[in-house]
Amino acid sequence: MPRFAVSTMFFHEYPCDHIFDYIAESGLDSLEFWVETPHFWLAGRPEGDLSCCIADHPDLSPITIHAPSLDLNPCSINPEVAAISVDYAVESVRMADRMGAAVVTVHPGRRTAKRPPSAYDYQRFEKYVARLREAASETRVKVAIENLEPRVNALLTTAEDAAEVLEREPWLRFTLDMGHAMMTSCDEVLRFIDLCIERMVNVHVSGLGENGRPHYPIHDDPDAMRVLTELADRGYDGYLTLELEDMVFPGALSSEEKIVVLKRQLETFEKVFS
């Protein structure tokens, strides 16, 4: 049975202890802690506070971690941007290990210009992966790379791209962002499952809105249900992590309303994976 989780960014405006409380109240099994969750990030990433939250909510453990990605790019043409992006990802692997997390998800990066990635960008990517490989060898946490939205300058947007990297790096795991892949097609998501399920340890779960954008609720999305059913039929037992954008709703949601939203998504999970 998979572990049903949600990204802490759904409750981005709350302190970390409140976020843990709300997710526990929703009935979900776990959470993905974004290092950039504002109350944690802006306070200087106080790991002692995070450790207390984890200890106070044992039913949510082990959690997963999402490495910083906002304003960062490990393949940037700016060497200082690339260096600090890689450093943040590596430190997130080490932090995840200290927190007893099961998985840390990292982004692959992109070409700075809005053009197809060049040889230079792939060289940067290889250096980044080498740093992650070294960090992974020194920890117990599973490092999983995520597929990005199908943009012209993004790396790792197709199932074949992901499968090629995973074949080359046998230590590396995979986080499937089904919303990103569904922007191409539902069939592309199923292609990811076909090629990568043996290395898949986390799935970022969301539906598409009428605007074709991800991070919408899943309960009324037939394509999302098709993907979840395929995962259930294939015996997937990793993390299913809801990535919901609270700004897609008609108005601002209170914490109580967000908990109700999560309970509705949990009912959908349980229906498919019963």
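Residues numbered from 1 in each chain as written. Predicted model: local features only at pLDDT ≥ 70, side-chain atom pairs only at ≥ 80, totals over all residues. Heavy atoms only, no water.

Novice: Got a minute to help me understand the environment of Asn147 in this structure?
Specialist: Position of Asn147 among the secondary structure elements: in the loop between strand S5 (142-146) and helix H6 (159-168). Considering only alpha carbons, one finds Asn147 and Asp177, 30 residues apart in sequence, at a separation of 6.1 Å. In this structure, Asn147 is in contact with Leu156, Phe174, Thr175, Leu176, Asp177, His180, Ala181 and Phe192, ignoring residues within four places of it in sequence. Polar side-chain contacts of Asn147 include one of 2.7 Å to the backbone nitrogen of Asp177. (Helix = DSSP H or I, 4+ residues; strand = E, 2+ residues; numbered from the N terminus. Contact = heavy atoms within 4.5 Å. Polar contact = N/O pair within 3.5 Å; in protein donor to acceptor, adjacent residues only side chain to side chain.)

Novice: Which parts of the structure should I look at to understand the packing of helix H9 (residues 222-233) against helix H10 (residues 255-272)?
Specialist: As a packed pair, H9 and H10 sit with axes 9 Å apart at the nearest point and diverge in direction by 45°. Here H9 lies oblique to H10, going by the angle between them. By crossing handedness, the relation of H9 to H10 is classed as right-handed. Along the contact surface, H9 presents Met225, Leu228, Thr229 and Ala232, while H10 presents Thr268, Phe269 and Val272. When grouped by side-chain class, the residues that make up the contact of H9 with H10 number five nonpolar, two polar and no charged. (Axes fitted to C-alpha atoms, helices over the stretch in contact; angles between N-to-C directions. Parallel < 35°, antiparallel > 145°, perpendicular 65-115°, else oblique. Left-handed = near helix turned anticlockwise from the far one by under 90°. Nonpolar A, V, L, I, M, F, W, Y, C, P; charged D, E, K, R; others polar.)

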